Amino acid sequence: EDQVTQSPEALRLQEGESSSLNCSYTVSGLRGLFWYRQDPGKGPEFLFTLYSAGEEKEKERLKATLTKKESFLHITAPKPEDSATYLCAVHSYSKAAGNKLTFGGGTRVLVKP
Amino acid sequence: GAVVSQHPSWVICKSGTSVKIECRSLDFQATTMFWYRQFPKQSLMLMATSNEGSKATYEQGVEKDKFLINHASLTLSTLTVTSAHPEDSSFYICSATGSGYEQYFGPGTRLTVT
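Quick caveat, the model's predicted, so the values are computed rather than measured.

**Things to note about the sheet that holds strand S6 (residues 56-59) of chain A**
All names here are of chain A.
Working step 1: Strand order across the open sheet formed by five strands is S1-S3-S8-S7-S6, with antiparallel pairing between neighbours. The sheet is open, and its two borders are formed by strand S1 (3-7) and S6, each paired with just one other strand. Adjacent strand axes in the sheet meet at a mean angle of 15°, parallel and antiparallel pairs treated alike.
Working step 2: Taken together, the five bridges between S1 and strand S3 (residues 19-26) define a ladder with antiparallel strand orientation. Following the sheet pairing, Val4 is matched in S3 by Tyr25.

**Examining the pairing of strand S7 (residues 62-66) of chain A**
Residue and element names in this part refer to chain A.
Working step 1: By the criterion of burial, S7 is predominantly enclosed, with four of the five residues buried.
Working step 2: Here S6 pairs with S7 via four bridges, running antiparallel. In the sheet register, Glu58 faces S7, and the bridge partner there is Lys63.
Working step 3: Where S6 folds back onto S7 in an antiparallel hairpin, the turn is made up of two residues, including Glu60, whose phi is positive at roughly 55°.
Working step 4: Both S7 and strand S8 (residues 70-75) contribute to a ladder of five bridges, which runs antiparallel. From the neighbouring strand, Ala64 faces S8, where its bridge partner is Leu73.

Calculation criteria
Residues numbered from 1 in each chain as written. Chains lettered and ligands numbered in written order. Predicted model: local features only at pLDDT ≥ 70, side-chain atom pairs only at ≥ 80, totals over all residues. Heavy atoms only, no water. Pairing = 2+ DSSP bridges. Helix = DSSP H or I, 4+ residues; strand = E, 2+ residues; numbered from the N terminus. Axes fitted to C-alpha atoms, helices over the stretch in contact; angles between N-to-C directions. Buried < 20%, exposed > 50% of the residue type's maximum accessible area, 1.4 Å probe, protein only.

Have a look at this one:
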């Protein structure tokens, strides 16, 4: 069974204090790893897709990296508007289940000014 | 691009009634649509996957007679919660994929059953 674990569950940062979020996974038939941002009461917003170990993607203050067992989302010099829950999900495929996204529990990030 | 809408954004209904939630892909054709539910401070739980013109595939533990899913076109899927009860109160979110594997999510529908 596919499993995705995110850590820490919650993260409080001062504005400008860089940090990293972890997403570790076990999955058969990995087709990709996705990062999403979710604000309270809203649907997840797509951030990145990573397909193979060693791949990196960047967007503003966010940078996602991927290894064979985990992914990191680095937040550089965060601002209060970066406060959100960050979700990691792995896309797998099997004949039985078809295409499927399995989500981690998320990391709630709070950036204080 | 890749915008998904949901309607309504929130709904309150009485116990025993049915509620329909619509999910639309606005600027792309969605080959597959997904329905999730999310409880407060928890992650998304997949309920079912639907392909246009086919029966939905439900996750283990999800009652298909209670949560009716219809994917009538490449831009519209509906979730009907039948005979709703207070324990069905939750945040329901749909997502859609086009030609790639990225899922694009709608803004969610908050259902409260009184």
